[in-house]
Amino acid sequence: MEALYLLVPVSIVIVFAAIWVFFKMSDSGQFDDMVGPALRVLQDDDAAP
Amino acid sequence: MNAVPQAHASGCFHCGLPVPAGSDWGVEIDGVSQAMCCPGCAAVAQAIVEHGMSDYYRSRSGYAATADQAALLPPQLRLYDGADATEKYRAADGMLEATLSVDGLRCAACVWLIERRLRQVPGVVAADMNVATGRLFVRWDPGQCQLSGVLGAVREIGYAAYPFDPARHEAQLRRAGKTLGRRLFVAGLSMMQVMMYAVPAYLASDGTLETDMAALMQWASLLLTLPAVCYSAQPFFRGAWASIRQRALTMDVPVALGIGAAFAASVAATLRGSGDVYFDSVTMFIFLLLCSRVLELAARRRAAQALERLQHGLPDSAQRLDGYPASRDATTVAAGDLSEDDVILVRSGEPIAADALLLEGETSIDVSLLTGESAPQHRKAGELIPGGAVNAGQAALLRVVRSARGSTLATLVRMAEGAGLGKPALAQWADRVGTWFVAGLLLLAAAVFLFWQWHEPARAWPIAIAVLVVSCPCALSLATPSALAAATDALLRRGVLIVRPHVLETLHRATHVVFDKTGTLTMGRPVLRDVALYNGAERGDCLRVAAALEACSAHPLAQALAAAAGERHLEASGLRQLAGQGVTGSVDGVEYRLGRAEFIAGLCGRFIVPATASGVSSVWLGSKAGVLARFDLADDLRNDASNVVARFMAAGKRVVLLSGDQQAMAQEVAQRLNIPEALGGQLPEQKLAFVQKLQREGAVVAMVGDGINDAAVLRAADVSFAMGSGAALAQSHADAVLLSGRLSALADAAEGADAAMAVVRQNLVWAMLYNMVAIPAAAMGWLNPWMSGIGMSLSSMLVVANALRLRTSVKGN
């Protein structure tokens, strides 16, 4: 049970970290286009031109 | 601020009010320090000087408004007061009109707030806010106020308004969506985590949870609820604050009170170390409410889609051939700079910037944006192409006949925007009831709190919170406008432009549908109905010869013949038109005449002219060899006319045909369409009297006409439709315009109206049942705050989702 006194604060820190990471991702435009990257990855343009 | 102000006249240099003794606010204007009465005026004057607009003080004819209001106005908004900006908004009668886009709308009650505030501004004649599209239409008197004043008034109550600009509007919507997404994420994360900390308290039976552990869980919940309350719930608090400041009640007030009260009570309990906490309910409520906001935002975006496509339809630039016909070098100019007689080049796949005549060659155009018609249409040299159509064929040279601002599409956009802005009686009623509902709810919550305080103090807080949270007037304030907007937009995609807001409502109630004949049930132009052949002539040959002879004529009969002949053309030479007689010319060396019987007789000798039926025009073709053919042309019924009439009859509406033509012809058309009642030989006044008589007998009359000849009767009818296209659009006096020229669009409109009203009714019934059950239950103490939160959020999602259904039930192409 005593472990909770450590784990609960840790979980709070993790949640705030997650929020921070999410905001950074959102600012960098990761969520602006939710469809394009999935299509782009299918395009086979690895071969040298 | 500057040093000792100069003794200037008697008062503040900016607003003219007396300067308080001992004050030293001053601004240096044109090198002279001027006294100001307050920091507000000083700030504004400073801003004016800094933005290089101190000219204002030299040319003004009176003092400025006292600055506490003006100070809220960023100086860049003043740019909108400039002469050219003002000119852009001038309406026909000297008033100014503008469409603004407004940022930060939360619910339909915000709309009420904005409208009310604007109507207090002196000089504002009309203000209509459309929640579905986020657009505000304002009409004001330029003598009494200016656009910056209007924008400032909107800003003052916490919304940002800009003159409408599609690009900015788009960016604004995207930003709103992004911010809402973030708020939702934070609320969701915090909800899940707080839920975990709440589980032990729910599971533990009395005494098994250590006090220390319980305190730890409560503190942890408190910390994690903070971001949800401080960040995610911000829109609710802001909305509530703005509405309280304006002494108008919106839905945000009970929501914000509920969240605030629950959070405050929980914090107090945590600090005290005893009592109930509701952190889980608070976070869940915020999360669910935000979910319904996301849904609503999506609904709003989609409701404006068809309109947005229209707005993006006109290109910003055009390729102008300045040296045509000598040179064909194109320069790119702004579409707004095009004027009459400019020659423009439109490449394949490009939209056409203004109404223009095709100069050479032929092409096909896509007018789906303008009329909902998806098949490309063929155009020949000399024909008019409406602005906003897309060139689907080869590159084309066109001569502009109307500037881009006067083009068909621009007219359409203006009408559609104006239409979305007015508010149907139903929505106005819903707004009013919504406000009273919230006021009643707040009183009830207070009463319930007092009762339980006296009866069982421990439960007073949770029960009052539950009452605040559980009620859901969304069907009133949110779903009704959404439903109407969704239906209007779906119809616009099908080519029905609704010009006045009451159309859907009234059409749904209509008992009589009155059709005009010419141009409405019929095409309004002659079509080849029959060919009688003489002297062994062959039908196809005759038609091709006739088409060749009529190739250069714009007469409707000539066009009907050309259309009937199809694609393969012969060439005629030596064409000569004789007014009122016909046309003569040679095809393959043989001389032909086409026209009236007497005219043909001059070439091929006398013959017996058979009597023709009324309403049919006969055109004769003859050569030296004798009479070849008689073409019977008549105004034909539209293909979809009988289907539309049948659909209205099946819906239980009485269909009447009202025509200016002879009774016999009206009767004939009515018979072919199975219309039970037909009145021919009606003068406009008689038509008007007929409609008014029906109305006196209690009928709700829907009138369908061609829009221009029937102006009076269209205006008198309860709801009116015009068959419209092109530049005549703006002159039509109807409540709605059938852009596609397809009559079946009318039946679609009727079905759309029925569907919209059904959804509105369902939503209202649901809202009534839900609130009648849920509010008393909460007041009796049967519901916890968390149950209330779920109930309220689900209910509002349900009504919004129901309204969204309309987009699919009124099917697009």
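Along each chain, residue indices are assigned from 1 in the same order as the chain's sequence is written. As they are written, the chains are lettered A onward and the ligands numbered 1 onward, keeping that order. Whole-chain, interface and lining totals are the exception, using all residues; otherwise, since this is a predicted model, local features are given only for residues with pLDDT of at least 70 and side-chain atom pairs are given and counted only at 80 or more.

Trainee: Describe in detail the overall build of chain B, supporting the description with residues and values.
Mentor: When its secondary structure is counted, chain B shows 29 helices and 28 strands. Put plainly, a residue is buried at 20 or more neighbouring C-beta atoms within 10 Å of its own, exposed at 12 or fewer, and partly exposed in between, counting only other residues' C-beta atoms, which are placed from the backbone. Counting every position in chain B, which comprises 813 residues, the buried fraction comes to 47%. Once local pairs closer than 6 in sequence are excluded, the contacts in chain B between residues at least 24 apart make up 68%. Where helices and strands are cited, they refer to DSSP runs of H or I of at least four residues and of E of at least two residues respectively, numbered from the N terminus. Residue pairs qualify as contacts under a 7 Å threshold applied to their C-beta atoms, which are placed from the backbone.

Trainee: Requested: an account of the overall build of chain A, with residues and values cited.
Mentor: Summing up its helical and strand segments, chain A has two helices and zero strands in all. Residues counted as buried form 2% of the 49 residues belonging to chain A.

Trainee: An account of the sheet that holds strand β23 (residues 626-637) of chain B is requested, with residue identities and associated values reported.
Mentor: Residues and elements named next belong to chain B. Pairs of strands are assigned from DSSP output, requiring at least two bridges between the strands. Taken together, the six strands give an open sheet; going across it, the order is β18-β23-β22-β21-β20-β19, and neighbouring strands pair in antiparallel fashion. Edge positions in the open sheet fall to β18 (522-533) and β19 (572-578), since each of these has one partner strand only. Strand after strand, the sheet turns through a mean of 20° between neighbouring axes, direction not considered. Relative to strand β20 (residues 582-587), β19 runs antiparallel, the two sharing five bridges. Paired with R576 across the strands is T584, a residue of β20. A fitted line through C-alpha atoms represents every axis, and for helices the fit uses only the stretch in contact; the resulting angles, taken between N-to-C directions, go from 0 to 180 degrees. Docked against the sheet, helix α23 (residues 597-604) engages β20, β21 (590-595), β22 (616-623) and β23, running at close to 10° with respect to β22.

Trainee: Can you lay out the sheet that holds strand β8 (residues 330-334) of chain B for me, pointing to particular residues and giving the numbers?
Mentor: Residue and element names in this part refer to chain B. If you trace the six strands from one edge of the open sheet to the other, you get β8-β7-β9-β15-β10-β13, paired in antiparallel fashion. Where the open sheet ends on each side, the last strands, each with one partner, are β8 and β13 (384-385). Of the pairings in the sheet, the one linking strand β10 (residues 356-358) to β13 comprises two bridges and is antiparallel in character. Residue pairing for β13: A356 is matched across the bridge by I385.

Trainee: Run through the environment of L357 of chain B, naming residues and quoting values.
Mentor: All names here are of chain B. On the secondary structure map, L357 appears in strand β10. Taking the C-alpha atoms as reference points, L357 and I385, separated by 28 residues in sequence, lie 5.9 Å from one another. In this view, L357 contacts G382, L384, L398, R399 and V401; residues no more than four positions away in its chain are not counted.

Trainee: So, the interface of chain A and chain B: which residues are in play, and what are the values?
Mentor: One frequently used descriptor of interface size is the decrease in accessible area upon assembly of the parts. Opposite the twelve residues of chain A that make contact, chain B presents 13 residues. Amino acids are sorted into nonpolar (Ala, Val, Leu, Ile, Met, Phe, Trp, Tyr, Cys and Pro), charged (Asp, Glu, Lys and Arg) and polar (every other residue, Gly among them). Looking at the side of chain A that touches chain B residue by residue, the classes come out as ten nonpolar, two polar and no charged.

Trainee: Break down the packing of helix α24 (residues 641-650) of chain B against helix α28 (residues 744-779) of chain B for me, with residues and values.
Mentor: All names here are of chain B. Across the interface, α24 lies against α28 with an axial gap of 8 Å and an inter-helix angle of 25°. Classed by the angle they form, the pair α24 and α28 counts as roughly parallel. Considering only the axes of α24 and α28, their crossing is left-handed. Counting all contacts with α24, which are made through N643, V644, R647 and F648, the residues of α28 involved are S744, L746, A747 and A750. Class assignment of the residues belonging to the contact of α24 with α28 gives a composition of five nonpolar, two polar and one charged. The labels follow the angle: roughly parallel below 35 degrees, roughly antiparallel above 145, roughly perpendicular from 65 to 115, and oblique for the rest. Working rule for handedness: look at the near helix, and if it is turned counterclockwise from the far one by less than a right angle, call the crossing left-handed; if clockwise, right-handed.

Trainee: So what's going on with the nonpolar core? Which residues, and what values?
Mentor: All names here are of chain B. Only buried Ala, Val, Leu, Ile, Met, Phe, Trp, Tyr and Cys residues enter a nonpolar core, and they are joined through C-beta atoms within 7 Å. One finds I259 and V467 to be the most contacted residues of the largest nonpolar core, which totals 168 residues. The element that contributes the greatest number of residues to this core is α28, accounting for 16 residues. Composition of this core by domain shows at least three residues from each of domain 3 (319-406) and domain 4 (484-522 + 638-754). Residues within four places of V467 in sequence aside, it is in contact with L444, A445, V448, I775, A778 and A779. L528, V545, A562 and V587 belong to the second largest nonpolar core, which has 30 residues in total. For the domain bounds, the source is a domain assignment made automatically or taken from a database.

Trainee: Now, about helix α11 (residues 252-272) of chain B: what can you tell me, with residues and values included?
Mentor: Multiplying 1.5 Å by the residue count of a helix minus one yields the expected span of that helix. End to end, α11 of chain B covers 30 Å across 21 residues, agreeing with the expected 30 Å (1.5 Å per residue, within 8%). Backbone geometry just downstream of α11 of chain B places G273 of chain B in the positive-phi region, at approximately 85°.

Trainee: Which residues make up α24 of chain B, and what are the values?
Mentor: Residue and element names in this part refer to chain B. Residues of α24 that are buried include every one of A641, V644, V645 and F648, and no others. Down the axis, α24 shows its buried residues gathered within 100° of arc, on one side only. At its buried positions, α24 is contacted by β17 (512-516), α20 (517-521), β23, β24 (654-658), α25 (663-673) and α28. In the segment just after α24, G652 is the residue with positive phi, at about 85°. Throughout, the arc means that of the directions going from the helix axis to the C-beta atoms.

Trainee: Describe the packing of helix α10 (residues 234-245) of chain B against α11 of chain B, and please don't skip the residues or the numbers.
Mentor: Residues and elements named next belong to chain B. One can describe the packing of α10 onto α11 by two numbers: an axis separation of 8 Å at closest approach and a directional angle of 125°. The angle between the axes of α10 and α11 places the two elements in the oblique class. Considering how the two elements wind past one another, α10 and α11 form a crossing that is left-handed. Here α10 contributes F236, F237, G239, A240, S243 and I244 to the contact with α11, which in turn contributes D252, V253, V255, A256 and I259. Of the residues belonging to the contact of α10 with α11, the class tally is eight nonpolar, two polar and one charged.

Trainee: Help me get a handle on the confidence of the model for chain B, residues and values and all.
Mentor: Low-pLDDT portions of the prediction should not be read for the details of their coordinates. Residue and element names in this part refer to chain B. Scored from 0 to 100, pLDDT reflects the predictor's confidence in each residue. Per-residue pLDDT for chain B averages 77, and the proportion of residues at 70 or more is 81%. Confidence scores differ between elements of chain B, with helix α3 (residues 67-70) showing the lowest mean pLDDT of 46 and helix α9 (residues 211-232) the highest of 90. Confidence drops under pLDDT 50 across residues 1-9; counting only partners more than four residues distant or on other chains, this segment forms 22 contacts. Below pLDDT 50 for its whole length, residues 67-72 participates in 19 contacts with residues either more than four positions away or in separate chains.

Trainee: A description of the pairing of strand β1 (residues 26-29) of chain B should follow, citing residues and the corresponding values.
Mentor: Residue and element names in this part refer to chain B. As paired elements, β1 and strand β2 (residues 32-35) share four bridges and run antiparallel to each other. The partner of I29 across the bridge, within β2, is V32. Linking two consecutive strands that pair antiparallel, namely β1 and β2, is a turn of two residues; a positive phi of about 50° is found at D30 within it.

Trainee: Just give me the short version of unusual backbone geometry, but keep the residues and values in it.
Mentor: Residue and element names in this part refer to chain B. In this model, N674 sits at a positive phi of 65°, which is unusual for a non-glycine residue. In this structure, N674 sits in the loop between α25 and β25 (677-679). Look at N674 and you get exposed, because 11 C-beta atoms sit within 10 Å.

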